[in-house]
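Secondary and tertiary structure notes
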Amino acid sequence: MGATRRKYTPQYRRDAAHLVIDTGRTIRAVAEEIGVGEQLLGRWVAAERARMDDPPPAVDFNERAELERLRAENAQLRMDREFLKKAAAFFVAENASNQTPRSQ
């Protein structure tokens, strides 16, 4: 027997589409978050934008460039933070192992 096809209510479809439209996040990111296919969510977004009287404009080139720069910076800062956490743990362990009973 084949898998049953999931059905989504019209309200769920609109809400999912507005997660993309209102927040400016990518269809891929929202689709992964809510557990639906990218193409399916893309169709819902296109349908909702067509239904709207005045849809918000898509992200322009400058905004897209800034978004990519900020994402790269964010990734770098996360790596730096992880490194500093590991370094701090190393020095705490090193300090604890080098202490003599007299210096405690």
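Before reading on, note that the structure itself is shown above.
Residues numbered from 1 in each chain as written. Predicted model: local features only at pLDDT ≥ 70, side-chain atom pairs only at ≥ 80, totals over all residues. Heavy atoms only, no water.

1. Some thoughts on the pattern of salt bridges
For the coordinates displayed, the defined rule picks out six salt bridges. Between Glu38 and Arg28 there is a salt bridge whose closest N-O contact spans 3.2 Å. Of this pair, Glu38 sits in helix H3 (residues 38–51) while Arg28 sits in helix H2 (residues 27–34); the two residues are 10 residues apart in sequence, bridging distant segments of the chain. Overall, Arg28 belongs to the partly exposed group, its relative accessible area being 48%. Across the pair Lys85 and Glu82 runs a salt bridge, and its minimum N-O distance is 3.4 Å. With a gap of three residues between them, Lys85 and Glu82 both fall in helix H4 (residues 61–98), about one helical turn apart. (Salt bridge = Lys/Arg side-chain N within 4 Å of Asp/Glu carboxyl O. Helix = DSSP H or I, 4+ residues; strand = E, 2+ residues; numbered from the N terminus. Buried < 20%, exposed > 50% of the residue type's maximum accessible area, 1.4 Å probe, protein only.)

2. Some words on the packing of aromatic side chains
For the structure on display, the rule yields four aromatic pairs. Relative to Trp44, the ring of Tyr8 has its centre 5.1 Å away and its plane inclined at 75°; by these criteria the two rings are edge-to-face. Taken together, the residues span a long stretch of sequence, with Tyr8 in the segment before helix H1 (10–23) and Trp44 in helix H3 at a distance of 36 residues. The exposure class of Tyr8 is buried, given its relative accessible area of 17%. (Phe/Tyr/Trp six-rings, centres within 6.5 Å; stacked < 30°, edge-to-face > 60°.)

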